[in-house]
Amino acid sequence: MKLLIDAGNSRVKWALCEQGRIVEQGAVLHAELPSLAERWAKHPVTEAWGACVAGEEVKAGLEAASRHPVHWVTSEAARGGVRNHYRNVAEQGVDRWLAVLGARALHPDEDLVIALAGTALTVEALSADGDYLGGAILPGARLMLGALSHNTAQLKREPGAWHEFPDNTPDALATGAWDALAGAVERMRARLAEQTGRPSPRLLISGGDAPMLADCLTGPADLVDNLVLLGLMSVADCR
Ligand SMILES: Nc1ncnc2c1ncn2[C@@H]1O[C@H](COP(=O)(O)OP(=O)(O)O)[C@@H](O)[C@H]1O
Ligand SMILES: CC(C)(COP(=O)(O)O)[C@@H](O)C(=O)NCCC(=O)O
Ligand SMILES: [K+]
């Protein structure tokens, strides 16, 4: 049985898999890391694979919680017909690479936009013939609203809900943040369609904020539970 770990800047997502099937999975905030050790110890783990963009301290905490040395994966120039156009793959968040691989595994012959709505929002462009052209990074909604609240006199409010024409401060805050995120996704979708000459690439969204983001989009979107772990399954060869 293989333990798969996706450590982002807010939460650690994990899954136990064998014969290509996920038998158990979960997500915890960094503060709850210690609880993972006993959770994982209940299973006959033979290998551990991890993707971490949250720094060395989180990595060390995960090594301690796993009774097996973790194979930490990093972004690569190519794998399974996907070519990574990032200039320096060593600087690219491995969650982004794995989300692209996970999306490719689900829809091998389509133009895809892949959005990871987490601490940050990342938006990737992948063409049907396997060119991962690149992607954008922007603050997640929580960070955007936090920045406003810390840097303005009158916006220290809990955000409200998205509305077409918000008529109060809380709703204005929520609408601005979600429209910024949705706009980044819609613009990447338009640029990829322009680049390939093929209309409306499929949009896959994963991450804690994926449901909220999907609700704000004009076009269709597929919500996928954990694209990063799906990509890690292929790297860890979880057959
Ligand atoms: N301190 C927190 N308490 C509760 N939820 C949080 C906290 N920080 C972030 N979140 C939520 O967690 C989600 C981000 O988690 P995730 O998508 O796993 O991001 P990442 O991959 O960056 O860790 C968002 O929905 C965000 O609102
Ligand atoms: C952009 C990210 C912080 C997103 O991480 P997350 O929101 O999943 O915690 C992560 O992919 C990262 O640290 N990237 C490094 C810079 C780059 O990808 O170019
Ligand atoms: K992530």
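Residues numbered from 1 in each chain as written. Chains lettered and ligands numbered in written order. Predicted model: local features only at pLDDT ≥ 70, side-chain atom pairs only at ≥ 80, totals over all residues. Heavy atoms only, no water.

As recorded in an unreviewed UniProt entry, the protein goes by Type III pantothenate kinase and comes from Crenobacter cavernae. Recorded in UniProt for the protein, the comment headed Pathway (unreviewed entry) runs: "Cofactor biosynthesis; coenzyme A biosynthesis; CoA from (R)-pantothenate: step 1/5." The record held by UniProt for the protein lists under Function (unreviewed entry) the comment "Catalyzes the phosphorylation of pantothenate (Pan), the first step in CoA biosynthesis." (UniProt positions renumbered as here; feature names shortened; annotations may be inferred.)

### Here we look at helix H2 (residues 56-65)
Three or more residues of H2 are buried, namely Val58, Leu62 and Ala65. One face of H2 carries all of its buried residues, which in axial projection span an arc of 60 degrees. Of the exposed residues in H2, those oriented more than 90 degrees away from the buried face are Glu56, Glu57 and Ala64. On its buried face, H2 sits against strand E1 (2-7), strand E2 (11-18), helix H1 (35-41), strand E4 (47-52) and strand E5 (70-72). (Buried < 20%, exposed > 50% of the residue type's maximum accessible area, 1.4 Å probe, protein only. Helix = DSSP H or I, 4+ residues; strand = E, 2+ residues; numbered from the N terminus. Arc of directions from axis to C-beta. Contact = heavy atoms within 4.5 Å.)

### Some thoughts on the environment of tryptophan 40
Locating tryptophan 40 in the fold gives a position in helix H1. The sequence separation of tryptophan 40 and alanine 15 amounts to 25 residues, and the corresponding C-alpha distance is 9.6 Å. Apart from residues lying up to four places away in sequence, tryptophan 40 is in contact with Leu3, Ile5, Trp14, Val45, Leu62, Ala65 and Ser66.

### With respect to the UniProt feature "active site" (unreviewed entry) in the protein
Here the UniProt feature "active site" (unreviewed entry) sits at Asp95. Assignment of secondary structure puts aspartate 95 in helix H3 (residues 94-106). If we ignore the near neighbours within four places in the chain, the residues touching aspartate 95 are Asp6, Val53, Leu116 and Val228.

### Concerning the sheet that holds E1
The strand order across the open sheet built from five strands is E3-E2-E1-E4-E5, with neighbouring strands paired in mixed fashion. Looking along the sheet, the strands with just one partner apiece sit at the ends: strand E3 (21-29) and E5. Strand-to-strand twist of the sheet, defined as the mean angle between neighbouring strand axes without regard to direction, takes the value 20 degrees. Pairing between E2 and E3: eight bridges, direction antiparallel. (Pairing = 2+ DSSP bridges. Axes fitted to C-alpha atoms, helices over the stretch in contact; angles between N-to-C directions.)

### A closer look at the site of ligand 1
Around ligand 1, 13 residues are found, and the nearest of them are Ser10, Arg11, Thr119, Gly208 and Asp209. Lysine 13 places a side-chain nitrogen or oxygen 2.8 Å from an oxygen atom of ligand 1. Within the side chain of aspartate 209, a nitrogen or oxygen atom sits 2.5 Å from an oxygen atom of ligand 1. Composition of the shell around ligand 1 by domain shows at least three residues from each of domain 1 (2-72) and domain 2 (78-141 + 172-228). (Near = heavy atom within 4 Å. Polar contact = N/O pair within 3.5 Å; in protein donor to acceptor, adjacent residues only side chain to side chain. Domains from an automatic or database assignment.)

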